[in-house]
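Reading the structure
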Amino acid sequence: MIEIRNVQTIQGRRITHKIASEETRVIDGTNLTLLPALIDPHVHFRTPGAEHKENWETASRAAIAGGVTTVFDMPNNTPSCITAQRLKEKKQLIDEQLKKAQIPLHYGLYLGADQNHLDEVPKTKHQIVGLKIYMGSSTGDLLMTDPAALDKAFRIAAENDVLIAVHAEDEEMIERRKKEILSSGQCKAALHSIIRTPEVAARAVHQVIELTAKYKTRLYIAHVSTKPELDLIRQAKKSRLPVYAEATPHHLFLTTDAYQHLDTCALVNPPLRDHTEALWEAIHDGTIDTIGTDHAPHLLEEKRRAYGSAPSGFPSIELYLALLLNAYNEKKISLEQIVRFTHTRPQEIFRCKPNHDVVLVDLNQSRTIDDKQLQTKAKWSPYAGMTLRGWPCYTILKGRVYDPSDFFVPAGT
Ligand code: NCD
Ligand code: ZN
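Below, the structure is looked at part by part.

How each quantity is defined
Residues numbered from 1 in each chain as written. Chains lettered and ligands numbered in written order. Predicted model: local features only at pLDDT ≥ 70, side-chain atom pairs only at ≥ 80, totals over all residues. Heavy atoms only, no water. 1 Å grid on protein atoms, 1.4 Å probe; cavity = no way out; pocket = protein on both sides within 12 Å on 5 of 7 lines; lining within 4 Å. Points joined across faces, edges and corners; volume = space filled by probe spheres on them. Nonpolar A, V, L, I, M, F, W, Y, C, P; charged D, E, K, R; others polar. Disulfide = S-S within 2.5 Å. Helix = DSSP H or I, 4+ residues; strand = E, 2+ residues; numbered from the N terminus. Donors = N, O, S within 2.8 Å, 3.2 Å for Na, K, Ca; no water. Tetrahedral: all angles 85-135°; square planar, octahedral: opposite > 155°, others 65-115°. Core = buried A, V, L, I, M, F, W, Y, C linked by side-chain atoms within 4.5 Å. Buried < 20%, exposed > 50% of the residue type's maximum accessible area, 1.4 Å probe, protein only. Contact = heavy atoms within 4.5 Å. Near = heavy atom within 4 Å. Polar contact = N/O pair within 3.5 Å; in protein donor to acceptor, adjacent residues only side chain to side chain. Areas by Shrake-Rupley, 256 points an atom, 1.4 Å probe, with all protein chains shown as cover. Salt bridge = Lys/Arg side-chain N within 4 Å of Asp/Glu carboxyl O. Axes fitted to C-alpha atoms, helices over the stretch in contact; angles between N-to-C directions. Parallel < 35°, antiparallel > 145°, perpendicular 65-115°, else oblique. Left-handed = near helix turned anticlockwise from the far one by under 90°.

1. Some thoughts on empty space enclosed by the protein
Within the structure shown, the criterion is met by 3 cavities of 30 Å³ or more. The computed volume of the second largest cavity comes to approximately 110 Å³. Along its surface, the second largest cavity is lined by 17 residues, and His 44, Ser 138, Asn 269, Asp 294 and Ala 296 are the ones closest to its centre. Here the lining of the second largest cavity is built from residues that sort into 3 nonpolar, 11 polar and 3 charged.

Following this line, the structure appears as structure tokens:
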């Protein structure tokens with residue numbers, strides 16, 4: 001039995017919280033607050049095919065350090081995860097890596113949508129958390145732009161009660177704008193936000209909402225980052241369509257200013273914007289359902305290549321909760337909302353089985369982010385040097401306590 005004494009609930013009560021376990025352990029919760037462990041609905045843990053960037057040994061440590069005990073992993077692997085067979089092979093590799101790490105993380109996998117393999121959806125429907133559609137190209141080779149294929153995917157998903165998760169950026173518009181803008185000879189990272197405009201995202205969001213209206217497919221719009229998308233989603237929700245929206249920490253906490261000091265390290269899809277005000281409004285009015293990290297690790301040497309060759313994406317899972325707790329201390333979000341966006345809504349939308357995992361946080365601890373201490377194999381973060389107030393201290397997964405001394409075991413040992 002694990003007994004956490006005198007710990008504060010998010011409502012401010014003091015309680016003793018007990019969790020069934022083979023361990024006998026008492027934790028003094030006097031300076032701590034108890035939250036359900038986080039569910040991150042959007043990660044790229046890079047197995048198979050890009051394990052030089054991350055694998056489930058390093059990523060599971062990063063997750064636990066961030067208070068996360070459940071993750072849903074994206075299919076843009078090498079090879080991409082688009083069939084029942086590949087799903088099975090991927091799962092085997094993940095289970096081996098989690099066993100090595102001795103971290104039995106809860107996880108779910110998305111199937112990648114490929115227009116020639118949509119018959120895999122009914123075959124895999126009980127093994128996946130959703131069907132991921134890339135409407136705009138990003139890391140990996142998954143892409144679905146043909147309107148007839150998109151229509152078919154939405155129909156099949158609805159017939160099989162499968163959630164569609166979408167990377168909503170319009171490929172045709174991206175390609176057109178790339179040609180126009182890059183032909184001027186300029187080549188710098190900040191152009192990424194100028195090529196992939198809010199309209200690029202809104203056009204794709206409009207298209208998928210129409211398809212949801214047609215088939216009533218449950219639709220999860222990943223990394224919503226602009227006001228025009230939010231307006232469309234707000235309208236769809238008013239019409240009672242089963243549309244759910246995810247925001248990422250980087251679109252909430254970073255803006256295009258980041259290009260100045262991060263240059264190509266600031267590249268991410270969808271790109272950084274200057275729409276944080278609209279996003280925070282959507283957090284408070286219920287337009288946003290979840291906050292998912294889009295943890296997308298790449299090595300620094302890859303990120304530092306010239307614009308055009310540098311990959312997009314940020315590692316972020318271990319800072320997920322600390323960034324939100326810091327926002328709580330800045331009075332931008334309540335603890336109830338943090339629990340709603342990182343636990344309750346993901347649990348409802350993805351129909352997860354409840355568990356007893358918790359995270360104990362110290363709302364007053366201040367720490368400066370130091371890349372050297374990160375567990376992710378990528379060993380960098382766009383937030384380096386920021387001082388955050390409010391950090392996870394203990395994560396309890398399946399009755400086992402992971403504490404700070406576990407977190408700072410150097411990666412690889
Ligand atoms: C993701 C990655 O690297 O896997 N990158 C990103 O910029 N978000 C791919 C993606 O989800 O677009
Ligand atoms: Zn992603």
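2. Some points on the state of the cysteines
Counting across every chain of the model gives 0 disulfides. The structure places no disulfide on Cys 352, whose sulfur is separated from the nearest cysteine sulfur, that of Cys 81, by 18 Å.

3. Let's talk about unusual backbone geometry
Each neighbour pair has its own omega, and for Thr 47 with Pro 48 the value is 0°, a cis peptide bond. Looking at where Pro 48 falls in the secondary structure, it is placed in the loop between strand E5 (38–43) and helix H1 (56–65). Here the residue pair Asn 269 and Pro 270 is connected by a cis peptide bond, since its omega of -15° sits within 30 degrees of zero. The topology assignment puts Pro 270 in the loop between helix H10 (258–262) and helix H11 (276–284). The phi dihedral of Asn 6 falls on the positive side, at around 60°, and the residue is not glycine. You can see Asn 6 is positioned in strand E1 (residues 2–8). Despite not being glycine, Lys 331 shows a phi value in the positive range, around 65°. Considering the arrangement of structural elements, one finds Lys 331 in the loop between helix H13 (320–329) and helix H14 (335–349).

4. Remarks on the coordination of the zinc ion (ligand 2)
Protein-derived coordination of the zinc ion (ligand 2) comes from His 42 (NE2), His 44 (NE2) and Asp 294 (OD), at a distance range of 2.1 to 2.2 Å. Here the zinc ion (ligand 2) is ringed by 4 donor atoms whose angles at the metal span 84 to 151°, and the overall shape comes out irregular.

5. Notes on the nonpolar core
General note: in soluble globular proteins, nonpolar side chains tend to be found buried as a group. In terms of nonpolar packing, the biggest core is built from 78 residues, with Leu 105, Leu 131, Ile 133, Leu 219, Ile 221 and Ile 288 touching the most fellow members. If we skip the residues at most four places from it in the chain, Ile 221 touches Val 166, Val 205, Ile 209, Ile 233, Val 243, Tyr 244, Ala 245 and Glu 246. Ranked by size, the runner-up nonpolar core spans 29 residues in total, among them Ile 174, Ala 189, Phe 314 and Leu 323.

6. Here we look at the site of ligand 1
Around ligand 1, a shell composed of 14 residues is seen, among which Arg 46, Asn 76, Ser 138, Thr 139 and Asp 294 lie nearest. Contact distances for ligand 1 include 2.5 Å between an oxygen atom and a side-chain N or O atom of Ser 138. Thr 139 places a polar side-chain atom, nitrogen or oxygen, 2.7 Å from an oxygen atom of ligand 1. In the complex, the protein chains occlude 100% of the 310 Å² of accessible area that ligand 1 would expose alone. Considering only residue class, the shell around ligand 1 consists of 3 nonpolar, 9 polar and 2 charged.

7. Details of the pattern of salt bridges
Applying the stated criterion across every chain, the model contains 22 salt bridges. In this structure, Glu 302 engages Lys 53 in a salt bridge whose closest nitrogen and oxygen atoms are separated by 2.9 Å. With Glu 302 in helix H12 (residues 300–303) and Lys 53 in the loop between E5 and H1, this pair connects stretches of sequence that are 249 residues apart. Both residues of the pair, Glu 302 and Lys 53, count as buried. Measuring nitrogen to oxygen at the nearest pair gives 2.5 Å for the salt bridge that ties Asp 289 to Lys 237.

8. Looking at the environment of Ser 183
Relative to the helices and strands, Ser 183 resides in the loop between helix H5 (171–182) and helix H6 (191–195). A polar side-chain atom of Ser 183 sits 2.9 Å from the main-chain carbonyl oxygen of Glu 180.

9. Digging into the layout of surface pockets
By volume, the largest pocket amounts to about 570 Å³. Surrounding the largest pocket, 28 residues form its lining, Val 129, Phe 350, Arg 351, Cys 352 and Lys 353 being those nearest its centre. Of all elements in the fold, only E5, strand E6 (68–73), strand E7 (106–112) and H14 reach the threshold of two or more residues within the lining of the largest pocket. Counted by class, the lining of the largest pocket contains 13 nonpolar, 10 polar and 5 charged residues. By volume, the second largest pocket is sized at about 450 Å³.

10. Regarding the packing of helix H4 (residues 147–159) against helix H7 (residues 198–215)
With their axes 10 Å apart at the nearest point, H4 and H7 run at an angle of 45° to one another. Here H7 runs oblique to H4, going by the angle between their axes. Where H4 crosses over H7, the handedness of that crossing is right-handed. Residues Leu 150, Asp 151, Phe 154, Arg 155 and Ala 158 of H4 form the contact with H7, whose participating residues are Gln 207, Val 208, Leu 211, Thr 212, Lys 214 and Tyr 215. Of the residues in the contact of H4 with H7, the class split is 6 nonpolar, 2 polar and 3 charged.

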